[in-house]
Amino acid sequence: MLTFSDHLAVIKRGLHPSVFSSHTLEETKKLCSLFPFHFSNDFGFETRLGNPDPVCDFFLQIRRGEKGDGFQGGNNEKLGDNRQLQSIPDWKRLVAMLTEWEKPGTLLHDNVSQFWLEFDYQGTTFNPIPNVFFQVTEDAGLPKERQISKLLQVLDSIYRLLFDIPFPENLASTMTKTMVTLPSGSLVYQVGFMIPRKTEALQLVLTRMRSEAMMAFLEAIDWPGEFPLVKAMIERYVNQHDYAVFNLYIGERVLPFLGIELYFSNLAQPNWEPRWQKVFRLLEEDGLILPEKKEGLLAYCGKTNRSFIVPLHYFNGINHIKLVYKNGCSLECKAYFGTMIR
């Protein structure tokens, strides 16, 4: 019977040893074999470009309407009859959340457009419990107060399903203060729960934020990081790309973390977007990318065709890079690369 690991067999030639050791590949196959063939049409990997370890985290995107988006009862085509997953309490709660998302008329069905599951590589294998990200259905016409209220209701619903408790008041307070301060036109694109990392903090992914407005926003929310360093990061890298997306962590307060995701429009790849070479050069000058990791990213890009029941096209490429600031740590750069199955 086909499983999701069969997709890895198609694209494994592009997995360079600098980002995927043979052990990492085998562990990724084991993880993917837990899921049915139609689990997702979009999947990918996260690698630390300045770290020589040939390991990657793994993520999947789940959109409504795709073949594998059914989670009825946690034992269906989506998950198969996988006893290993069904024996994990956290996974049962995750299935309950996704089952609720499928039901027409529920708060999640009406207000969440998609989910991402991100599996951390820890030690020598993957944690089977993923970090969970979701996107609230965009409704830019709503007044900001209504947008905040809707997001808090969704967060409360998800929190009760995943953790069996209401959304904590301290998080709701910090979330409200942060969203009230968002510049006009900016939106919360994703919210992430770092479940296996045992932290209450949420990750907020902010889009449509002009880089020149970002510093004023951070100051307004009492962000406790190093402003000169972040200002220099933005000036050096954001203008080399078409747009940026910003990540915050919030708990009882805004935490000293900032992620800057950098994108080229239309997923432009290095073989036809010359600006990639300048970005790689800047990263090399700043000691943020190893030559072998750059080689690994470039090796992944391309297209593969394979017929299963029907012909499938696998489009492989770099989605974006992400600069990561954490107070007290060296600046880090990650790359997110993956595959679209069409």
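All of these numbers come straight from a predicted model, not from anything done at the bench. (Residues numbered from 1 in each chain as written. Predicted model: local features only at pLDDT ≥ 70, side-chain atom pairs only at ≥ 80, totals over all residues. Heavy atoms only, no water.)

**Remarks on the overall build of the protein chain**
Here is step 1: A tally of regular secondary structure across the protein chain gives eleven helices and 13 strands.
Here is step 2: Computed over its C-alpha atoms, the radius of gyration of the protein chain comes to 20 Å, within 12% of the 20 Å expected for a compact globule of 342 residues.
Here is step 3: Reported as C-alpha extents along the three principal axes, the dimensions of the protein chain are approximately 55 × 50 × 35 Å.
Here is step 4: Residues counted as buried form 55% of the 342 residues belonging to the protein chain.
Here is step 5: Long-range pairs, those at least 24 residues apart, make up 65% of the contacts in the protein chain between residues at least 6 apart in sequence. (Helix = DSSP H or I, 4+ residues; strand = E, 2+ residues; numbered from the N terminus. Rg over C-alpha atoms; globule rule 2.2 N^0.38 Å. Buried < 20%, exposed > 50% of the residue type's maximum accessible area, 1.4 Å probe, protein only. Contact = heavy atoms within 4.5 Å.)

**Concerning the packing of helix α10 (residues 275-285) against helix α11 (residues 291-300)**
Here is step 1: Relative to each other, α10 and α11 sit at 155 degrees, their axes nearing to 11 Å. Viewed along their axes, α10 and α11 adopt a mutual orientation that is roughly antiparallel. Crossing hand, α10 versus α11: right-handed. On α11, the residues that touch Q277, F280 and E284 of α10 are K294, L297 and L298.
Here is step 2: The class makeup of the residues in the contact of α10 with α11 is three nonpolar, one polar and two charged. (Axes fitted to C-alpha atoms, helices over the stretch in contact; angles between N-to-C directions. Parallel < 35°, antiparallel > 145°, perpendicular 65-115°, else oblique. Left-handed = near helix turned anticlockwise from the far one by under 90°. Nonpolar A, V, L, I, M, F, W, Y, C, P; charged D, E, K, R; others polar.)

**Brief notes about the pairing of strand β10 (residues 257-263)**
Here is step 1: Counting buried positions along β10 gives seven out of seven residues, so the element sits mostly inside the fold.
Here is step 2: Neither face of β10 is exposed, since F257, G259, E261 and Y263 on one face and L258, I260 and L262 on the opposite face are all buried.
Here is step 3: Strand direction decides the pairing type here: strand β9 (residues 243-250) and β10, joined by five bridges, are antiparallel. Among the inter-strand pairings, F246 is bridged to a residue of β10, identified as I260.
Here is step 4: If you look at the hairpin formed by β9 and β10, you'll find six residues sitting between the two strands.
Here is step 5: The pairing of β10 with strand β12 (residues 311-326) spans six bridges and is classified as antiparallel. The partner of L262 across the bridge, within β12, is I321. (Pairing = 2+ DSSP bridges.)

**Section: the confidence of the model for the protein chain**
Here is step 1: Confidence in the prediction for the protein chain averages 90 pLDDT; 94% of positions are at 70 or higher.
Here is step 2: When the elements of the protein chain are averaged for pLDDT, helix α3 (residues 83-86) gives the smallest value, 70, and α10 the largest, 98.
Here is step 3: When the criterion is pLDDT under 50, residues 68-78 qualifies, and its contacts beyond four places in sequence or with other chains add up to 40 contacts. (pLDDT = per-residue confidence, 0-100.)

**Points about the pairing of β12**
Here is step 1: In this sheet, β12 lies alongside strand β11 (residues 302-307) in antiparallel orientation, the contact comprising six bridges. If you follow S307 over to β12, its bridge partner there is P311.
Here is step 2: Linking β11 to β12, which pair antiparallel, is a turn of three residues.
Here is step 3: Between β12 and the antiparallel strand that follows it, strand β13 (residues 332-341), lie five residues; G328 among them carries a positive phi value of about 85 degrees.

**A word on the pattern of salt bridges**
Here is step 1: Considering all chains together, one arrives at 18 salt bridges under this definition.
Here is step 2: Across the pair D42 and R63 runs a salt bridge, and its minimum N-O distance is 2.7 Å. Pair noted here: D42 is in strand β1 (residues 42-48) and R63 is in strand β2 (residues 57-63), with a separation of 21 residues, a long-range link.
Here is step 3: Judged by relative accessible area, D42 falls into the buried class, the value being 7%.
Here is step 4: Given the relative accessible area of 27%, R63 is considered partly exposed.
Here is step 5: With a shortest N-O distance of 2.5 Å, E235 and K231 are connected by a salt bridge. Taken together, the positions of E235 and K231, both in helix α9 (residues 227-237) and four residues apart, correspond to about one turn of that helix.
Here is step 6: Accessibility expressed as a relative area gives 41% for K231, which makes it partly exposed.
Here is step 7: Through salt bridges with shared partners, one network takes in E46, R48, D57, E332 and K334. (Salt bridge = Lys/Arg side-chain N within 4 Å of Asp/Glu carboxyl O.)

**Description of helix α8 (residues 211-220)**
Here is step 1: Residues of α8 that are buried include every one of S211, A213, M214, M215, F217 and L218, and no others.
Here is step 2: Looking at the buried side of α8, the elements it contacts are α7 (169-181), β8 (202-207), α9, β9 and β10.
Here is step 3: Positive backbone phi, approximately 60 degrees, marks D222, located one or two places after α8.

**Topic: the nonpolar core**
Here is step 1: Core analysis: the biggest nonpolar cluster contains 102 residues, and F45 and F134 have the highest contact counts within it.
Here is step 2: In terms of residue count, the dominant contributor to this core is helix α6 (residues 144-163) (seven residues).
Here is step 3: With six residues, the next largest nonpolar core counts W116, F133, Y249 and V324 among its residues. (Core = buried A, V, L, I, M, F, W, Y, C linked by side-chain atoms within 4.5 Å.)

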